[in-house]
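Read off the chains here:
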2 protein chains.
Amino acid sequence: MSDVLNPFGESKIENYDHLFKEFGLKPIDSLLSRLPNPHRLFRRKIIIAHRDLDKLLDAFEKNKKFAVMSGIKPSSAFHLGSKMVAEEIIYFQKEFKTQTHYSIADLESLVDNKISLEEAEKNAIDNVADLLALGLDAKKTFIYRQSQQQDVKNMAFEASNHVTNNMLKAIYGKQHTGIYFAALTQVGDILLPQLPKFTGKKIVVVPVGFDQDPHMRLTRDISKKINLIPPGSIYHKFMRNLSGGAKMSKRDPSSMLTMNDQPHVAKKKIMRSFTGGRETAEEQKNQGGRPEICMVFELANFHFVEDDKLLKEIFSTCKSGARTCGECKAQVADIVAKALESHQLKKQKLVGKAKEIVCRQNL
Amino acid sequence: MSDVLNPFGESKIENYDHLFKEFGLKPIDSLLSRLPNPHRLFRRKIIIAHRDLDKLLDAFEKNKKFAVMSGIKPSSAFHLGSKMVAEEIIYFQKEFKTQTHYSIADLESLVDNKISLEEAEKNAIDNVADLLALGLDAKKTFIYRQSQQQDVKNMAFEASNHVTNNMLKAIYGKQHTGIYFAALTQVGDILLPQLPKFTGKKIVVVPVGFDQDPHMRLTRDISKKINLIPPGSIYHKFMRNLSGGAKMSKRDPSSMLTMNDQPHVAKKKIMRSFTGGRETAEEQKNQGGRPEICMVFELANFHFVEDDKLLKEIFSTCKSGARTCGECKAQVADIVAKALESHQLKKQKLVGKAKEIVCRQNL
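Every chain is numbered independently, its residues counted from 1 as its sequence is written. As they are written, the chains are lettered A onward and the ligands numbered 1 onward, keeping that order. Whole-chain, interface and lining totals are the exception, using all residues; otherwise, since this is a predicted model, local features are given only for residues with pLDDT of at least 70 and side-chain atom pairs are given and counted only at 80 or more.

Q: I'd like a description of the overall build of chain A, backed by residues and values.
A: Assigned secondary structure in chain A consists of 17 helices and seven strands. This radius of gyration counts C-alpha atoms alone. The globule rule is 2.2 Å times how many residues there are, raised to the power 0.38. Relative to its length of 363 residues, chain A is compact, with a C-alpha radius of gyration of 21 Å against a globular reference of 21 Å. Along the first, second and third principal axes, the C-alpha set of chain A runs to 65 × 40 × 40 Å. Out of the 363 residues in chain A, the part that is buried amounts to 48%. Taking the contacts inside chain A whose residues are at least 6 apart along the sequence as the reference set, 76% of them involve residues at least 24 apart. Where helices and strands are cited, they refer to DSSP runs of H or I of at least four residues and of E of at least two residues respectively, numbered from the N terminus. Exposure criterion: with C-beta atoms placed from backbone coordinates, a residue whose C-beta has 20 or more other C-beta atoms within 10 Å is buried, one with 12 or fewer is exposed, and one in between is partly exposed. Here the contact rule is simple: place C-beta atoms from the backbone, and any two residues whose C-beta atoms are within 7 Å are in contact.

Q: Could you give me a rundown of helix 15 (residues 308-320) of chain B, with the residues and numbers involved?
A: All names here are of chain B. Given a rise of 1.5 Å per residue, 13 residues ought to cover 18 Å, and the 18 Å separating the end C-alpha atoms of helix 15 matches this to within 8%. Looking at the buried positions of helix 15, the neighbouring elements they touch are helix 14 (295-304) and helix 16 (325-348). With its phi angle positive at about 90 degrees, Gly321 sits one or two positions after the end of helix 15. In a helix, the anticipated span is given by 1.5 Å times the number of residues less one.

Q: Can you break down the packing of helix 6 (residues 106-113) of chain B against helix 10 (residues 177-191) of chain B residue by residue, with the values?
A: Residues and elements named next belong to chain B. For every element, the axis is a line fit to its C-alpha atoms; helices are fit only across the contacting stretch, and the angle between N-to-C directions ranges from 0 to 180 degrees. Contact pair helix 6 / helix 10: the axes reach a minimum separation of 9 Å and the direction vectors enclose 160 degrees. What the angle tells us is that helix 6 and helix 10 run roughly antiparallel. For helix 6 against helix 10, the interelement crossing comes out left-handed. Counted together, Leu107, Glu108, Val111 and Asp112 of helix 6 and Gly178, Ile179, Ala182, Thr185 and Gln186 of helix 10 form the full contact between these two elements. When residue character is reported, Ala, Val, Leu, Ile, Met, Phe, Trp, Tyr, Cys and Pro are called nonpolar, Asp, Glu, Lys and Arg charged, and the others, Gly included, polar. Of the residues assigned to the contact of helix 6 with helix 10, the class counts are four nonpolar, three polar and two charged. Any angle that falls under 35 degrees is termed roughly parallel, while one over 145 is termed roughly antiparallel, one within 65 to 115 roughly perpendicular, and all others oblique. We call a crossing left-handed when the near helix sits turned anticlockwise from the far one by less than a right angle, and right-handed when that turn is clockwise.

Q: Describe the domain arrangement of chain A, naming the residues involved and giving the relevant values.
A: Interfaces are frequently sized by the accessible area removed from exposure as the parts join. All names here are of chain A. Where each domain begins and ends is defined by an automated method or by a domain database. Assigned domains within chain A: domain 1 (3-241) and domain 2 (253-347). With 19 residues of domain 1 at the interface, the matching set in domain 2 holds 22 residues. Elements supplying a minimum of two residues to the side of domain 1 that touches domain 2: helix 3 (40-43), helix 5 (80-96) and helix 7 (117-134). When residues of the side of domain 1 that touches domain 2 are assigned to their parent elements, the largest contribution, three residues, is made by helix 7. Of the residues assigned to the side of domain 1 that touches domain 2, the class counts are eleven nonpolar, two polar and six charged.

Q: Pulling in residues and values, what's your account of the pairing of strand 5 (residues 141-145) of chain A?
A: All names here are of chain A. Along strand 5, four of the five residues are buried, which leaves the element largely enclosed by surrounding structure. One bridge is not enough; two strands pair if DSSP finds at least two bridges between them. Pairing of strand 4 (residues 99-104) with strand 5 involves five bridges; the strand directions are parallel. Bridging across to strand 5, Ser103 finds its partner in Tyr144.

Q: Report on the interface of chain A and chain B, specifying residues and quantitative values.
A: Contact with chain A, which involves 23 residues of that partner, is made by 23 residues of chain B. When contributions to the side of chain A that touches chain B are tallied by element, the ones reaching two or more residues are helix 6 (106-113), helix 8 (150-160), helix 9 (165-172) and helix 10 (177-191) of chain A. Per element, the largest residue contribution to the side of chain A that touches chain B is six residues, and it comes from helix 8 of chain A. A breakdown of the residues in the side of chain A that touches chain B according to their chemical character gives eight nonpolar, twelve polar and three charged.

Q: Any details on the relation of the copies chain A and chain B? Residues and values, ideally.
A: These two copies of the chain differ by a rotation about an axis and a displacement along the same axis. Between the two copies, chain A and chain B, the superposition gives an RMSD of 0.0 Å; the rotation angle is 180 degrees and the shift along the axis is 0.0 Å. What the superposition gives is, in effect, a two-fold axis relating one chain to the other. Residues reaching a pLDDT of at least 70 in both copies supply the C-alpha atoms on which the copies are superposed by least squares.

Q: So what's going on with the sheet that holds strand 1 (residues 26-27) of chain A? Which residues, and what values?
A: Residue and element names in this part refer to chain A. Strand order in the open sheet formed by seven strands is 1-2-7-6-3-4-5, with mixed pairing between adjacent strands. Either end of the sheet is taken by a strand with one partner, and the two such strands are strand 1 and strand 5. Bridge count between strand 3 (residues 66-72) and strand 4: six bridges; the pairing is parallel. Each bridged residue has a counterpart across the sheet, and for Val68 the counterpart in strand 4 is Thr100. Across the sheet, helix 4 (residues 53-61) is in contact with strand 2 (47-51), strand 3, strand 6 (203-209) and strand 7 (232-236); its angle to strand 6 comes to roughly 140 degrees.

Q: Which residues make up the nonpolar core, and what are the values?
A: Core analysis: the biggest nonpolar cluster contains 195 residues, and A:Val128, A:Val187, B:Val128 and B:Val187 have the highest contact counts within it. Dropping the residues within four chain positions of it, A:Val128 is found in contact with A:Ile143, A:Ala354, A:Ile357 and A:Val358. Under the definition applied here, buried Ala, Val, Leu, Ile, Met, Phe, Trp, Tyr and Cys residues are grouped into a nonpolar core through C-beta atoms within 7 Å.

Q: So, the environment of A:Val187: which residues are in play, and what are the values?
A: All names here are of chain A. Mapped onto the fold, Val187 is located in helix 10. Sequence-wise, Val187 and His215 are 28 residues apart; in three dimensions their C-alpha atoms are separated by 7.2 Å. Beyond its immediate sequence surroundings of up to four residues, Val187 is in contact with Met155, Ala156, Ala159, Leu218, Thr219 and Ile222.

Q: Help me get a handle on the pairing of strand 4 (residues 99-104) of chain B, residues and values and all.
A: Residues and elements named next belong to chain B. Counting buried residues along strand 4, six of its six residues qualify, which places the element largely inside the surrounding structure. The alternating pattern of strand 4 places Gln99, His101 and Ser103 on one face and Thr100, Tyr102 and Ile104 on the opposite face, and all of these are buried. The definition of a right-handed crossover adopted here requires that, viewed with the strands pointing away, the path from the first strand over the helix to the second runs clockwise. Regarding the hand of the β-α-β motif, the stretch spanning strand 3 (residues 66-72), helix 5 (residues 80-96) and strand 4 is right-handed.

Q: Which residues make up the sheet that holds strand 4 of chain B, and what values go with them?
A: Residues and elements named next belong to chain B. Strand order in the open sheet formed by seven strands is 1-2-7-6-3-4-5, and the pairing between neighbours is mixed. Single-partner strands in this sheet number two, and they are strand 1 (26-27) and strand 5 (141-145). With four bridges joining them, strand 2 (residues 47-51) and strand 7 (residues 232-236) adopt antiparallel strand pairing. If you follow Ile47 over to strand 7, its bridge partner there is His236. Together, strand 3, strand 4, strand 6 (203-209) and strand 7 form the strand contacts of helix 5, whose direction differs from that of strand 3 by roughly 160 degrees.

Q: Requested: an account of unusual backbone geometry, with residues and values cited.
A: Residues and elements named next belong to chain A. Positive phi, normally seen in glycine, also occurs at Asn63, with a value near 60 degrees. Relative to the elements of secondary structure, Asn63 occurs in the loop between helix 4 and strand 3. What makes Asn63 exposed here is the crowd of 6 C-beta atoms within 10 Å.

Q: Mind laying out the environment of B:Cys328, listing which residues take part and the relevant values?
A: Residues and elements named next belong to chain B. Positionally, Cys328 belongs in helix 16. When the C-alpha atoms of Cys328 and Val296 are compared, they prove to be 7.9 Å apart, with 32 residues separating the residues in sequence. Excluding its chain neighbours within four sequence positions, the residues that come into contact with Cys328 are Val296, Ile314, Cys318 and Arg323.

Q: Can you tell me about helix 6 of chain A, naming the residues and giving the values?
A: Along helix 6 of chain A, six of the eight residues are buried, which leaves the element largely enclosed by surrounding structure. Of the positions making up helix 6 of chain A, those classed as buried are A:Asp106, A:Leu107, A:Glu108, A:Ser109, A:Leu110 and A:Val111. On its buried face, helix 6 of chain A is in contact with strand 4, helix 7, strand 5 and helix 10 of chain A together with helix 8 (150-160) of chain B. One or two steps after helix 6 of chain A, the chain reaches A:Lys114, where phi turns positive at roughly 55 degrees.

Q: Provide a residue-level description of the environment of B:Val265, including the pertinent values.
A: Position of B:Val265 relative to the elements: it lies in helix 12 (residues 263-271). Taking the C-alpha atoms as reference, B:Val265 lies 8.7 Å from B:Ala337; in sequence the two are 72 residues apart.

Q: With reference to specific residues and values, describe the packing of helix 7 of chain A against helix 16 (residues 325-348) of chain A.
A: The relative placement of two packed helices is expressed as an angle between their axes plus a distance between the axes. Residue and element names in this part refer to chain A. Relative to each other, helix 7 and helix 16 sit at 110 degrees, their axes nearing to 8 Å. With respect to each other, helix 7 and helix 16 are oriented roughly perpendicular. Judged by the sense of rotation from one axis to the other, the crossing of helix 7 with helix 16 is right-handed. Contacts from Ala129, Asp130 and Ala133 in helix 7 reach His343, Lys346 and Lys347 in helix 16. Broken down by class, the residue content of the contact of helix 7 with helix 16 amounts to two nonpolar, one polar and three charged.

Q: Tell me what's going on with the confidence of the model for chain A, and back it up with residues and numbers.
A: Confidence in the prediction of chain A, expressed as mean pLDDT, is 92, and 94% of residues score 70 or more. Here the complex is predicted with pTM 0.91, and the ipTM for its interfaces comes to 0.90. Confidence scores labelled pLDDT are given residue by residue by the predictor and lie between 0 and 100.

This is the structure we're talking about:
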């Protein structure tokens, strides 16, 4: 793996250092060689940390049981963060033939976003169509809505016996009871694959963003108290928003992409997005661009340029000053638009199947 | 109705006066004439208060929809309090042909008593056998465990959107999150009969003890916010314990009766229980006994002497001094033992049916 393919590299990872130390996360590097056909997100060190991924790899190598799980809050269109998590579990499903679970957290969107279960069902159908279009094998995945799964909710009650209000407050801040209970329901989601009806106790790995780590720590804590295996996790870096700031957020739709964006709209967003370009064409030529801080490069790197060689070329021609931001934006915007178009075509054909999956009751 | 049949009568009711004023409960007296074949508990003013029972009677008289609901926490044997509530809904079911719901609050026993769902299932089978033996028509009743009912739990999440932590704390004191959520789940239980799948919005009356009124107020409050009809309720007085103090409590088994007590054990408990007898036989003869404070009379009045004439005779012969406590205890103990024997014989034959009902999943 070339450093060129890891342009944000060490400096960015340094920002995560305190998490490594404070919470016992481990850098993922030493495990990469054990991953079959490492996914783009691994190859490019966008997934940078883990907890107990080695236990999943041990289980895989020794032909023992293991699983991956993830989920989505059905409060909006499938955005790039959801895509990242989906690609991660799809990677495990394909390369490890692993047992896979996917929770549609409609009770969380009910209490957190005040979205009714009926409204959430519509969003969920749309989200699951994205998931299938990305390549998840629905036949080999337990996809469920929290509102239609008894055990997850029952486990939330069980979990509540093992936390104090102070613990919940320390983790989630002062929240209303429904939010705390939604967090405990997510604990239920994460522990569900270990129930006897899902082949029992085993290592389960959850792909998450760093901001989700409190859930993981809470779940690990509770898992030990109810005699289950503490779940592992892998951590990806956040995608910044198209203006180059912080994390993509649903609060500013023009600064984020979703898998539902019309290709020409996505193109426009990219043409307006933050780059690492210099003030003048002259400076750009002489000093080169700064792909390390460029959102257009980040889009290519995180999501839309699968080919490492092409990505490397974009990076080096930018660095050398041979590439202008205008050209580059146009090229990447075109790649993104084509990717969205192709995704949406696939997705269209999968809506019926998604509906069938989402509308199942009493799972 | 004779005052003699209401020996605790007004003085006792006065103790409840602040509840009437503070929370808007109404004395039930003026509605008694509208009740078909009033049950012993109504006739003897053991049920003394209500909220919106008149709305149920209106609906009944105008051939509109209505329902009754109740439930049990499956944490122990069916005690006399459970029996009282059961008899009340059975009365409505028989005399009003009403839609009837019965919740087995196994999620509440999980968080409140740390009883596992498996353990609760065993208790529930036993409890439901009692319920059937008392005469509930299972075919016409929706009996379910909270752990196996999605809507009740989903409604708890919905309900959580309409309460603050401060409200919950004011009602239930400082409790852990699971207890608060169990309370919201009970709100779900009470509102369930109003879901479209259960014939929609309607007045639902819940028989409760006075100590359950906070649940009722919380549920009424939330029902208005989610566009349902505030549930009504009827209130019975507490059965004191056999030592004559406070309420019967599971913490002191020797001072309470359960429907599982062996008849000879129940007899012994009654022979040892608190009476209104005088210090000496002489005094008893001259001044008469005090059935108003006697637990043996309370057992007869609340539960085991169905015949008003016999009850009246017990009362008046006690009052007149013609009856000694020894005789009286022996007579009532015998009645109770026979009643338990007969109940337990009926029950034995219903355990299979109870098991079938309780073990149903995904209701």
